[in-house]
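Topology and contacts: notes
The primary structure of each chain is shown beneath.
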Amino acid sequence: MRNGGGQRFLYSSLLITLCSSLINSSFLITHGDAREVPVELKARYLRYQESEKTMVATGEVHVTLDNVEFITDKLYLNTETNTATSEGSVKIESSQYKAKAKSFRYSASQKKFQIENFRAAFLPPEDNVKGKVYVAAKTFQDAEKKQEGKDASSTTCDLEHPHYHISSAHFEHHPEDKIVGVHNWVWIGPVPILYSPYY
């Protein structure tokens, strides 16, 4: 009797340890062009909702999609629509930038990230910019061949309230080609000093 109770206690302890440790999972999301994208997922808890075809990950969620790592509080992966959506604060790391955001959505069929309240710091490859560039945008989309955002600003000043920055109502970045901005202002502190409708 004593051995059986000890054995049950050991199994219960093992089960509790497994449940409270991080769960690792890997699976594939299929693109519209039939290309499969590996998804690496690590979270404290995973639950699959069969009726909604959605995997819900909560607690210290780390997910890697298309070589971009997201760390968030809660993540929904819909296996039917091939989308991933986060809740809570988000940290983002890619080979190009490190960022923070309010939320993100990834569509495998469109090969596009949609990110809300995006803030990033990155080192540009150009030799004519020294140090990091700080970028913020109310909305930011990172697609395969183009990045774009709305209500954006950029600066090389690392202060919370920069001494200077450029703001744009809308911008597009075409990697290795150009950056396009619409309704742009150059600011010194809180004062707008120069306007350009397009650059």
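For the structure, see preceding data.
First, a word on what this report is: a plain description of the structure on this page.

Conventions used here
- Residues numbered from 1 in each chain as written.
- Predicted model: local features only at pLDDT ≥ 70, side-chain atom pairs only at ≥ 80, totals over all residues.
- Heavy atoms only, no water.
- Helix = DSSP H or I, 4+ residues; strand = E, 2+ residues; numbered from the N terminus.
- Contact = heavy atoms within 4.5 Å.
- Areas by Shrake-Rupley, 256 points an atom, 1.4 Å probe, with all protein chains shown as cover.
- Salt bridge = Lys/Arg side-chain N within 4 Å of Asp/Glu carboxyl O.
- Buried < 20%, exposed > 50% of the residue type's maximum accessible area, 1.4 Å probe, protein only.
- 1 Å grid on protein atoms, 1.4 Å probe; cavity = no way out; pocket = protein on both sides within 12 Å on 5 of 7 lines; lining within 4 Å.
- Points joined across faces, edges and corners; volume = space filled by probe spheres on them.
- Nonpolar A, V, L, I, M, F, W, Y, C, P; charged D, E, K, R; others polar.
- Phe/Tyr/Trp six-rings, centres within 6.5 Å; stacked < 30°, edge-to-face > 60°.

Brief notes about the overall build of the chain
- The helix and strand inventory of the chain stands at one helix and 14 strands.
- Taking contacts inside the chain between residues at least 6 apart in sequence as the whole, the part at least 24 apart equals 26%.
- Surface summary for the chain: the accessible area is close to 12,800 Å², and the carbon and sulfur share equals 55%.

Describing the pattern of salt bridges
- Tallying each qualifying case throughout the model produces four salt bridges.
- For E148, the salt bridge identified is with K146, shortest N-O distance 3.5 Å.
- What makes E148 buried here is its relative accessible area of 18%.
- Among the ionic pairs, K146 bridges to E172, the shortest N-O distance being 3.9 Å. Of this pair, K146 sits in the loop between β10 (133-143) and β11 (147-155) while E172 sits in strand β12 (residues 164-174), and the two are 26 residues apart along the sequence.
- When salt bridges that share partners are traced, they join K146, E148 and E172 into one network.

So, the layout of surface pockets
- Here the largest pocket defines a volume of roughly 960 Å³.
- Along the wall of the largest pocket there are 35 residues; nearest its centre are F122, V133, V135, H173 and I179.
- Where the lining of the largest pocket is concerned, the elements lending two or more residues are β9 (112-122), β10, β11, β12 and β13 (178-188).
- For the lining of the largest pocket, the residue count by class is 20 nonpolar, eleven polar and four charged.
- The computed volume of the second largest pocket comes to approximately 440 Å³.

Side note on the environment of L46
- Structurally, the position occupied by L46 is in strand β3 (residues 45-49).
- The spatial distance from the C-alpha of L46 to the C-alpha of V61 is 9.6 Å, given a sequence separation of 15 residues.

A word on unusual backbone geometry
- The backbone of K111 shows a phi angle near 55 degrees, a positive value even though the residue is not glycine.
- Relative to the helices and strands, K111 is located in the loop between β8 (103-107) and β9.
- For D151, which is not a glycine, the phi torsion comes out positive at approximately 50 degrees.
- Considering the arrangement of structural elements, one finds D151 in strand β11.

Considering the packing of aromatic side chains
- As enumerated under the stated definition, the model contains six aromatic pairs in all.
- Their ring planes at 20 degrees and their centres at 3.9 Å tell us that F70 and F104 sit as a pair that is stacked. Here F70, found in strand β5 (residues 68-78), pairs with F104, found in strand β8; they are 34 residues apart in sequence, far enough to count as distant.
- A relative accessible area of 0% means that F70 is categorised as buried.
- When its relative accessible area of 2% is taken as the criterion, F104 is described as buried.
- Seen from their ring centres, F140 and F171 are 6.4 Å apart, and the 25 degrees between their planes marks the pair as stacked. You can see F140 sitting in strand β10 and its partner F171 sitting in strand β12, a full 31 residues away along the chain.

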